[in-house]
Amino acid sequence: MRWRANLTTWLLSAALMVLFTMGNAFAEGNGKRLALVVGMSNYVLAGTLPNASRDAEAFNTFLKDQGFETNLVLNADRRGLAGALSNFSRKIGPDDTALFYYAGHGMQLHGENFLVGTDAKLESEFDVPAETVALSEIIGAMEKRARISMVFLDACRNNPLAERLTREVEGATRGAATRGLAPIETQGGGTLVAFAAAPGQVAADGTDGHSPFTRALIANLSGAGLEVGTAFKRVVRDVRKETQGKQQPQILSSLSLEFYFGPETAAPQTTPAVQTAMPQTAAVQPVQPALTVPAMDPEALEAEKDFKKALKIGTARIWHFFVEKHRTGEYADLGRQALAQIEPAAVRNQSHLPQSVEARLLPDKDKRRNVQVALASRGFAAGTADGVFGGQTREAIKRFQSTNQQPASGFITERTAEALGIKVNDRAEGIYSSPKARRYDVANLEGLETDQTVLRALTCLRHFETVYGVFEGHLYVAVRTGIILAVYARGIAGGCGAHLASISSQEENAFVASLFNADQTFFNTGYDPSGNVSYKMGPWIGLTQDPQGKEPRGGWRWDTGAPLTYTKWFQDMPNEGKKGDDIGMYYAHRNGRADTKSVYVDSWDDMGPTDGTGGLILEFE
């Protein structure tokens, strides 16, 4: 009844296995620098933004000086903006760096960001799709095509159309607020998005010809030896200073490659020779003044190094580790701003305070008592080993942390517990990665990610795009492979010291399903005319039927040998569509020809050895 993989599936799977065993032999390409620069000043009903067009013109000139091939678009209506974006996206190649700059009116509605054409009226929320362009669509188009995508948005300026729309939209106070722009999350592994202001803030248009944000971009991005993430730190500093702290630019980055607008290294400074009046017969040797080498703060250097790593990973988990590790300084402030972009304040403030982290790591008095004993054994008097962390214990923790070159917070962190030799409950439950599959460079996780199983798993899966998280102490990884057969899925599992996921409860099944349902590329979809169904085949799991098992439901077990105690079969499944349908995968379908994109897949079906699907779920004990 269902679609069956043909020889192409076998070849694709074989190619994946070759890729899995290869080293990372892919060199970076030498693509073009392409930019679309948009400035919107003359709005029909939203008034004028005098500086927006001037900002775009100035930034266009700046980019040309940095080797970009640019297209400057000024005062375009919605159709003109969409056309410019379409032409721009068609020019982008897989080795190229693509940059989109926008100065003008932007708005948010129900958490989605939109850029506004000059002809917009926005008389109701139903006008928004026709009179604006969704920011997510722009970023998505760039991510699909470019090696590096960068978006600079000087688009948080006060928008009278958005303010009116806020008043008219029913339930505006329940998530439809249109002031400023909303937080976003990038999906690609080579994307940087820079906002002129924090979510919900309004950015200044400027009073002297240019906005504070664009002026700071031009002044700081092209510094010699400044990678874009580090350069943006200076942009933040300048804008905050000029606006007396009222406007704080934000950056969201998942860049896995470094990018420099200017030279990658600073030119060496030469000191002119000192000329003195000497007799012509005497040999004149230039006098070189002694060089003064500024003292380097090791903690600041480590913070900068970790900040660059966190920018490239860009997940809430890694930013949490960064701000826990680096609590003071400019990079700490930037880290907290980045975290604010991608995580609600309630979650951020409640679960990751030092005392909250310690409570998770040491949930009972016995574990706290072990810490006190370990401190005392190393010469750090912690008082009576009673499991109560009073002032003496806190001081002992601080001294121990300082001795081990850790931030002296006085609270137990995962790093502190590891240094003490204390095993802690170090696995918080939830999705650790971005919700859509990405490839992760373990080098950027080291020093921040504390879960060694995560590091081992991602090292093994370095050639694949993944979504991963922890449930009840087990690490689950959804691996996106392209069409793959079950035999090769099991090969990947064995090669990484894992097994295809076994599922024993409704809660576990719900968690595993949440790993891949946000990313449609995990699925193999199509229409089966023989059964008149539109199918949606999800990742492989470790469910097998013994050859002698009674069809269709007898003899099923997990690859680990565990019995099948919980099931989530799709309706009328398993049905032994053909002999050999003895392997489990996530599956669902709709009757007739239908769009299955919105179908949430958390049910299973039995498949055969020649069936292929878009991924697999690994479980690490």
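Per chain, the residues get numbers from 1 upward, laid out in the order the sequence is written. In keeping with the model being predicted, local features are shown solely for residues with a pLDDT of at least 70 and side-chain atom pairs are shown and tallied solely at 80 or more, while totals for entire chains, interfaces and linings include all residues. Think of the side-chain values as coming from all heavy atoms in the structure, minus any hydrogens and water.

Strands are runs of DSSP state E lasting at least two residues, helices are runs of H or I lasting at least four, and both sets are numbered from the N terminus onward. A tally of regular secondary structure across the chain gives 20 helices and 19 strands. Contacts spanning at least 24 positions in sequence make up 71% of the contacts within the chain whose residues lie at least 6 apart. For the area figures, the Shrake-Rupley method with a 1.4 Å probe applies, and any residue is considered shielded solely by the protein chains shown. When the accessible surface of the chain is summed, it comes to about 27,700 Å², and 51% of that surface belongs to carbon and sulfur atoms. Residue contacts follow a heavy-atom distance rule, with two residues in contact if any of their heavy atoms lie within 4.5 Å.

Another point: the packing of aromatic side chains. Aromatic contacts are taken between Phe, Tyr and Trp rings whose centres are within 6.5 Å, Trp giving its six-membered ring; a plane angle under 30 degrees counts as stacked, one over 60 as edge-to-face, and the others as tilted. Per the stated rule, a full pass over the model turns up 27 aromatic pairs. For the pair phenylalanine 213 and phenylalanine 232, a centre-to-centre distance of 6.3 Å together with 70° between the ring planes defines the contact as edge-to-face. Of this pair, phenylalanine 213 sits in helix H7 (residues 212-220) while phenylalanine 232 sits in helix H8 (residues 228-242), and the two are 19 residues apart along the sequence. Pair check on accessibility: phenylalanine 213 and phenylalanine 232 agree, each one buried. Measuring from ring centre to ring centre gives 5.6 Å for phenylalanine 471 and phenylalanine 511, while their planes differ by 25°; the resulting arrangement is stacked. A residue pair is termed long-range when its members are at least 10 positions apart, and phenylalanine 471 in strand S11 (residues 465-471) and phenylalanine 511 in helix H20 (residues 506-516) qualify at 40 residues. An aromatic cluster is built from Phe59, Phe62, Phe68, Tyr101, Phe152, Phe259 and Phe261, whose rings are joined through pairwise contacts. Consider the ring centre and the ring normal. A charge sits over the ring if Lys NZ or Arg CZ is within 6 Å of that centre and within 35 degrees of that normal. One Lys or Arg, arginine 368, reaches over the ring of phenylalanine 389 and ends 4.9 Å from the middle of that ring. Above the plane of the ring of phenylalanine 523 lies lysine 536, whose end atom (NZ or CZ) is 4.5 Å from the centre. Burial classes follow relative accessibility: with a 1.4 Å probe on protein chains only, a residue under 20% of its type's maximum area counts as buried, one over 50% as exposed, and anything between as partly exposed.

Here methionine 573 and proline 574 are connected by a cis peptide whose omega angle stands at -5°. If you trace the backbone, proline 574 turns up in the loop between strand S16 (556-558) and strand S17 (583-591). Here glutamate 472, not a glycine, exhibits a phi torsion of approximately 50°, which is positive. With respect to the secondary-structure elements, glutamate 472 resides in the loop between S11 and strand S12 (474-485). In this structure, asparagine 532 is a non-glycine residue whose phi angle is positive, near 55°. By secondary structure assignment, the location of asparagine 532 is in the loop between strand S14 (524-528) and strand S15 (533-545).

Note: strand S1 (residues 33-39) against strand S2 (residues 69-74), 6 bridges, orientation parallel. Bridging across to S2, alanine 35 finds its partner in threonine 70. We call a crossover right-handed when, viewed with both strands directed away from the observer, the connection leading from the first strand over the helix to the second proceeds clockwise. At this point the chain moves from S1, through helix H2 (residues 50-65), to the parallel S2, and the crossover so formed is right-handed. Pairing between two strands is assigned when DSSP locates at least 2 bridges connecting them.

In this section: the packing of H7 against H8. H8 packs onto H7 with a crossing angle of 140° between their chain directions and a minimal axis gap of 9 Å. When the interaxial angle is binned, H7 and H8 end up oblique. In terms of crossing hand, the pair formed by H7 and H8 is right-handed. Residues Pro212, Phe213, Arg215, Ala216, Leu217 and Asn220 of H7 form the contact with H8, whose participating residues are Ala231, Phe232, Arg234, Val235, Arg237, Asp238, Val239 and Glu242. Looking at the contact of H7 with H8 residue by residue, the class counts come to 8 nonpolar, 1 polar and 5 charged. Here, axes are lines fitted to C-alpha atoms. For helices the fit covers the stretch in contact, and angles between N-to-C directions go from 0 to 180 degrees. In this scheme, roughly parallel covers angles under 35 degrees and roughly antiparallel covers those over 145, while 65 to 115 is roughly perpendicular and the rest are oblique. The sense of a crossing depends on the near helix, which, turned anticlockwise from the far helix by less than a right angle, makes the crossing left-handed and, turned clockwise, makes it right-handed. Residue polarity follows a fixed list, in which Ala, Val, Leu, Ile, Met, Phe, Trp, Tyr, Cys and Pro are nonpolar, Asp, Glu, Lys and Arg are charged, and the others, Gly among them, are polar.

Turning to the packing of helix H14 (residues 365-377) against helix H15 (residues 391-403), a few remarks are in order. One way to put it is that H14 packs onto H15 with a least axis distance of 11 Å and a crossing angle of 60°. The orientation of H14 relative to H15 falls into the category oblique. Every pair of crossing elements has a handedness; the one defined by H14 and H15 is left-handed. Contacts from Arg368, Gln372 and Leu375 of H14 reach H15 at Thr393, Arg394, Ala396, Ile397 and Phe400. Classifying every residue of the contact of H14 with H15 gives 4 nonpolar, 2 polar and 2 charged.

With that out of the way, let us pick up the side chain of aspartate 96. Structurally, aspartate 96 can be placed in the loop between helix H3 (78-91) and strand S3 (97-103). Between N or O atoms, a polar contact is any pair within 3.5 Å; within protein, one atom must be a potential hydrogen donor and the other a potential acceptor, and residues adjacent in sequence are included only when both atoms are from side chains. For aspartate 96, the side chain forms a polar contact with the main-chain nitrogen of lysine 32, separated by 2.7 Å. A polar side-chain atom of aspartate 96 sits 2.7 Å from the main-chain amide nitrogen of glycine 93. If near-sequence neighbours (up to four positions away) are discounted, aspartate 96 is found in contact with Gly31, Lys32, Leu34, Lys91, Ala146, Arg147 and Ile148.

Read from one edge of the open sheet, 6 strands run S2-S1-S3-S7-S8-S9, paired in mixed fashion. Each edge of the sheet is formed by a strand with only one pairing partner; in this case those strands are S2 and strand S9 (250-253). On average, each strand axis in the sheet is tilted by 10° relative to the strand beside it, whichever way the strands run. Each of S3, strand S7 (148-154) and strand S8 (191-195) is contacted by helix H5 (residues 135-145), which is oriented at about 155° to S7, the strand it contacts most.

What follows concerns the pattern of salt bridges. By convention in these notes, a salt bridge is any Lys or Arg side-chain nitrogen within 4 Å of a carboxyl oxygen on Asp or Glu. Applying the stated criterion across every chain yields a total of 18 salt bridges. A salt bridge links glutamate 449 to arginine 317; its shortest N-O distance comes to 2.7 Å. Pair noted here: glutamate 449 is in the loop between helix H17 (442-445) and helix H18 (452-460) and arginine 317 is in helix H10 (residues 316-325), with a separation of 132 residues, a long-range link. Here glutamate 449 matches arginine 317 in class, with each residue buried. Members of the salt-bridge network, linked through shared partners, are Glu302, Asp306 and Lys325.

With that settled, the discussion passes to the nonpolar core. Counting residues in hydrophobic clusters, the biggest one holds 147 residues, and the most contacted among them are Leu99, Phe100, Phe152, Leu153, Phe261, Trp540 and Leu618. Definition of nonpolar core: a set of buried residues of the types Ala, Val, Leu, Ile, Met, Phe, Trp, Tyr and Cys, connected through side-chain atoms within 4.5 Å. Ranked by size, the runner-up nonpolar core spans 16 residues in total, among them Val371, Ala374, Ala396 and Ile397.

The predicted model of the chain has a mean per-residue pLDDT of 81, with 79% of residues at 70 or higher. Ranking the elements of the chain by mean pLDDT puts helix H1 (residues 7-21) last, at 38, and strand S13 (residues 499-500) first, at 96. Per-residue confidence from the predictor is reported as pLDDT, a score between 0 and 100. Across residues 168-179, where pLDDT falls below 50, the model places 26 contacts with residues more than four positions away in sequence or in other chains.

What follows is about the state of the cysteines. In this description, a disulfide is simply a cysteine sulfur pair whose atoms lie within 2.5 Å. Scanning the entire structure with this criterion turns up 1 disulfide. At a sulfur-sulfur separation of 2.0 Å, the disulfide partner of cysteine 460 is cysteine 496. Disulfide cysteine 460 to cysteine 496: torsion about the S-S bond roughly -85°, handedness left-handed. With cysteine 460 in helix H18 and cysteine 496 in the loop between helix H19 (486-495) and S13, this residue pair connects regions lying 36 residues apart in the sequence. Taken individually, cysteine 460 and cysteine 496 each receive the classification buried, so the pair is uniform in this respect.

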